[in-house]
Amino acid sequence: MPDRTEEDAMTYDFDGMLQTIKDRQWSLADIDWDAPGAETMTDELRAKLQPFMADLMWIEHVGARGFASLATMAPTPVIKEIYEYFHAEEQKHANAELALMKRWGMLDEDGAVPEPNINVKLAIKTLDTFGDSLPLTGLATLIPLLECALDGALVKFLLDEVEDPVCHQVFRHINSDEARHITVDFQVLELIGAGPLHKLLIESASNLKPQVVLGLIVVFVPLINKMRDNIVAMGLPEQKLYNAVKRFNTIGSRGDHTRRIPAYHVLRSQAAMVVNRAHPYHRLLADPLVRITGLVPARLLGRPQAWVDEVTHEPVAS
Amino acid sequence: MTSGFRGDLLRDDAWRSRGFAGQRVAVVASAEEAARIVPHVVRTATSVKVFQRSPAWVLPTRVPLPAGPIRRRAARLHLRLSVRDQWLRRQLTPFGDQPGVVVRPGFYAALQQPGCKLYTWPVYAIVEHGVRSAEGVEHRVDVVILGADVEVDCRVLREERTA
């Protein structure tokens, strides 16, 4: 196959995708949250899934904040508008997952949002502090990796475990949104990767600012590892994690330009270490960081910005 | 799914000539446009939800500063001094190259009134009882005001087009 040129990478129909995104919008108000099926959630499954759902909901909510940052640095106005939709859609996924938690009796009587764990709180703090100044290539690569993991491993696991038809209906919507997110994420990587090499290298060098490197390691390494170990302990076959990362590699290597982005290679290697529990990465870095961050008093982090309070399980607001 | 919005849908300058006592209002507009509408509406409405399409640099009054970076810096300072909440401030901050600064008195104060809330979610449909935005929530309102510069792609208008 001949190499595609920068011009080819520019020809992806982002306008068409934006229109599709607008046409495919759905609302929590479209779902009958009182429909039969909630009774299929057993006490045992409820207890097992509650922390998983809380983590999933928070990761979507934090992912939404990531898209808000991406929107500020989008390479074109159309991609900016797409990211604005994705920001809202990730929030919608968090809202829908919270609504499922409510349906399954996983929230307290007031329907209060579950407290995020310390690693999620650290991620929130990092995004609030550095999110809008992180280099585009780093963030634009990190987000599809998380989406491949969410979509390919966590959500599939949930659907295997839960019979409730409302859950399946909700995740049909979420999965079709996520498929569009992953398509756009990789097309944007192609577009960035097709840019001048010196620009990529300069951006990558700014990725190496000590606060960025430290922030990413201290925050995201334990966040991902804790979630990884929790779901494997709950019964997720490790093969599914391998498959999710494989998908990130497969889609990334399909394009001609993505591989020119240094952040793509860094995150790809990290992901490969995350899924392989025997790798020294866990013993030497990730496990100690999970323990250390577990000791951080949350009050040291201060009050997060107001976006964290925007998540809601109510389909209708007056 | 919908037979159209049951409340009042106002376009252009229709909002100027009326009060909104006892009504819940949604304003869907760019900041430039919303900054004109919201201070007026917030005086009488029960609640106002502002769905801002795109932010703008705003100054409360004309200042003798040259257009360009200096005026933008003054607008940034005005935002910093007027809005304490960091996230609200971020929602109101234009990123990238912004052509100019608009003069609109009272916008930031109006947004911080009790009962007024700013959203940056895209609105994708106007339905029977209100507006639906892309974060998945239906916002029930009695009046929808659409900014003149907003290109709306919403169900009620789509039906009109195909009728």
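Residues numbered from 1 in each chain as written. Chains lettered and ligands numbered in written order. Predicted model: local features only at pLDDT ≥ 70, side-chain atom pairs only at ≥ 80, totals over all residues. Heavy atoms only, no water.

## A word on helix 10 (residues 238-254) of chain A
Here's step 1: The first and last C-alpha atoms of helix 10 of chain A sit 24 Å apart over 17 residues, in line with the 24 Å expected at 1.5 Å per residue.
Here's step 2: Contacts made by the buried residues of helix 10 of chain A are with helix 6 (136-161), helix 7 (165-193), helix 9 (210-234) and helix 11 (262-275) of chain A. (Helix = DSSP H or I, 4+ residues; strand = E, 2+ residues; numbered from the N terminus. Expected span 1.5 Å × (residues − 1). Contact = heavy atoms within 4.5 Å.)

## Section: the interface of chain A and chain B
Here's step 1: The interface of chain A with chain B comprises 32 residues on the first partner and 25 residues on the second.
Here's step 2: Here chain A meets chain B over a buried area of about 2,300 Å², counting both sides, of which 55% is carbon and sulfur.
Here's step 3: A:Asp132 is the partner of B:Arg90 in a salt bridge, and the nearest nitrogen-oxygen pair spans 2.6 Å.
Here's step 4: Between the two partners, chain A and chain B, sit 12 residue pairs in polar contact (both at pLDDT 80 or more).
Here's step 5: Looking at the side of chain A that touches chain B, the elements with two or more residues in it are helix 2 (14-23), helix 3 (43-72), helix 4 (77-103) and strand 1 (316-317) of chain A.
Here's step 6: Among the elements that take part in the side of chain A that touches chain B, helix 4 of chain A stands out by supplying eight residues, more than any other. (Buried area = accessible area lost by both parts, 1.4 Å probe. Salt bridge = Lys/Arg side-chain N within 4 Å of Asp/Glu carboxyl O. Polar contact = N/O pair within 3.5 Å; in protein donor to acceptor, adjacent residues only side chain to side chain.)

## Overview of the sheet that holds strand 1 (residues 8-10) of chain B
Residue and element names in this part refer to chain B.
Here's step 1: Spatially, 1-10-2-3-6 is the arrangement adopted by the five strands of the open sheet, whose pairing is parallel. The open sheet has two edge strands, strand 1 and strand 6 (116-119), and neither has a second partner. The sheet shows a mean angle of 15° between the axes of neighbouring strands, direction not considered.
Here's step 2: The sheet contact formed by strand 2 (residues 24-29) and strand 10 (residues 143-146) spans four bridges and is parallel. Bridged to Val-25 within strand 10 is Val-143.
Here's step 3: Where helix 1 (residues 31-41) meets the sheet, it contacts strand 2, strand 3 (47-52), strand 6 and strand 10, and its direction lies at approximately 160° from that of strand 2. (Pairing = 2+ DSSP bridges. Axes fitted to C-alpha atoms, helices over the stretch in contact; angles between N-to-C directions.)

## As for the side chain of A:Glu190
All names here are of chain A.
Here's step 1: Within the fold, Glu-190 resides in helix 7.
Here's step 2: On the basis of relative accessible area, Glu-190 is assigned to the buried category, the value being 4%.
Here's step 3: Polar contacts involving the side chain of Glu-190 include one to the main-chain amide nitrogen of Asp-256, which spans 3.1 Å. (Buried < 20%, exposed > 50% of the residue type's maximum accessible area, 1.4 Å probe, protein only.)

## Considerations on empty space enclosed by the protein
Residues and elements named next belong to chain A.
Here's step 1: Summed over all chains, the structure comprises four cavities of 30 Å³ or more.
Here's step 2: Its volume calculated, the largest cavity comes out at about 570 Å³.
Here's step 3: Going through the elements one at a time, helix 3, helix 5 (118-130), helix 6, helix 9, helix 10 and helix 11 are the ones with two or more residues in the lining of the largest cavity.
Here's step 4: Here the lining of the largest cavity takes nine residues from helix 6, the largest share from any one element.
Here's step 5: Its residues assigned to classes, the lining of the largest cavity comprises 28 nonpolar, five polar and four charged. (1 Å grid on protein atoms, 1.4 Å probe; cavity = no way out; pocket = protein on both sides within 12 Å on 5 of 7 lines; lining within 4 Å. Points joined across faces, edges and corners; volume = space filled by probe spheres on them. Nonpolar A, V, L, I, M, F, W, Y, C, P; charged D, E, K, R; others polar.)

## Here's the deal with the pattern of salt bridges
Residue and element names in this part refer to chain A.
Here's step 1: Counting across every chain of the model gives 24 salt bridges over all chains.
Here's step 2: Note that Lys-121 and Glu-115 form a salt bridge whose closest N and O atoms lie 2.7 Å from each other.
Here's step 3: Taking the shortest distance from any N to any O, the salt bridge between Glu-238 and Arg-228 comes out at 2.8 Å. One end of the pair, Glu-238, is in helix 10; the other, Arg-228, is in helix 9, and 10 residues separate them in sequence.
Here's step 4: The partly exposed category is assigned to Glu-238, whose relative accessible area is 28%.

## Focus on the packing of aromatic side chains
Here's step 1: Considering all chains together, one arrives at nine aromatic pairs over all chains under this definition.
Here's step 2: Summarising the aromatic geometry, the rings of A:Tyr12 and A:Phe14 are spaced 4.8 Å apart at their centres and angled 75° between planes, so their arrangement reads as edge-to-face.
Here's step 3: Seen in terms of ring centroids, A:Trp307 and B:Trp87 are 6.4 Å apart; in terms of plane orientation they differ by 55°. Their pairing is tilted. Placement of the pair is A:Trp307 in the loop between helix 12 (280-293) and strand 1 and B:Trp87 in helix 3 (residues 86-92), with the two residues belonging to separate chains. Of the two residues, A:Trp307 and B:Trp87, both sit in the buried class.
Here's step 4: One aromatic cluster in this structure is built from A:Phe67, A:Tyr83 and A:Phe86. (Phe/Tyr/Trp six-rings, centres within 6.5 Å; stacked < 30°, edge-to-face > 60°.)

## Some words on helix 12 of chain A
Side chains of residues three or four places apart in an α-helix project in the same direction, reflecting 3.6 residues per turn.
Residue and element names in this part refer to chain A.
Here's step 1: Under the 1.5 Å per step criterion, the end-to-end length of helix 12 is 19 Å for 14 residues, consistent within 8% with the ideal 20 Å.
Here's step 2: Largest kink in helix 12: about 35°, centred on Ala-286, with the proline Pro-288 one to four residues after it.
Here's step 3: Where helix 12 is concerned, the buried positions are Tyr-281, His-282, Ala-286, Pro-288, Leu-289 and Thr-293. (Bend = angle between axes of the 7 residues up to and from the residue.)

## Let's talk about the sheet that holds strand 8 (residues 130-133) of chain B
Here's step 1: Spatially, 1(A)-9(B)-8(B)-7(B) is the arrangement adopted by the four strands of the open sheet, whose pairing is mixed. Whereas interior strands pair on both sides, the edge strands pair on one side only; in this sheet they are strand 1 of chain A together with strand 7 (123-127) of chain B.
Here's step 2: For strand 8 of chain B and strand 9 (residues 138-140) of chain B, the ladder comprises three bridges, and the chain directions are antiparallel. Pairing of B:Val131 across the sheet is with B:His139, part of strand 9 of chain B.

## Regarding the confidence of the model for chain A
Here's step 1: Counting all residues, the mean pLDDT for chain A is 87, and 95% of those residues have values of 70 or more.
Here's step 2: Contacts for the low-pLDDT stretch residues 1-5 of chain A, under 50 throughout, to residues beyond four places or in other chains number six contacts. (pLDDT = per-residue confidence, 0-100.)

## Notes on unusual backbone geometry
Residues and elements named next belong to chain B.
Here's step 1: Positive phi, close to 50°, is recorded for Asp-12, a residue that is not glycine.
Here's step 2: Tracing the backbone shows Asp-12 in the loop between strand 1 and strand 2.
Here's step 3: Its relative accessible area of 49% is what places Asp-12 among the partly exposed residues.

## Points about the nonpolar core
Here's step 1: Among the nonpolar cores identified, the biggest contains 150 residues, and A:Phe52, A:Phe171 and B:Ile145 are the most heavily contacted of them.
Here's step 2: What A:Phe171 contacts, discounting residues up to four positions off in sequence, is A:Leu56, A:Glu97, A:Leu100, A:Val155, A:Leu158 and A:Leu159.
Here's step 3: Listed in part, the five residues of the second largest apolar core include A:Val221, A:Tyr281, A:Ala286 and A:Leu289. (Core = buried A, V, L, I, M, F, W, Y, C linked by side-chain atoms within 4.5 Å.)

## Focus on the pairing of strand 10 of chain B
Residue and element names in this part refer to chain B.
Here's step 1: Neither face of strand 10 is open: one carries Val-143 and Ile-145, the other Val-144 and Leu-146, and all of them are buried.
Here's step 2: Pairing between strand 1 and strand 10: three bridges, direction parallel. Its bridge partner lying in strand 10, Leu-10 is registered against Ile-145.

## Description of the confidence of the model for chain B
Residues and elements named next belong to chain B.
Here's step 1: Summary statistics for chain B give a mean pLDDT of 89 and a share of 88% for residues scoring 70 or more.
Here's step 2: Highest mean pLDDT in chain B belongs to strand 6 (98); lowest belongs to helix 5 (residues 155-162) (44).
Here's step 3: Across residues 156-163 the pLDDT falls below 50, and counting only partners more than four positions away or on other chains, this stretch makes 14 contacts in the model.

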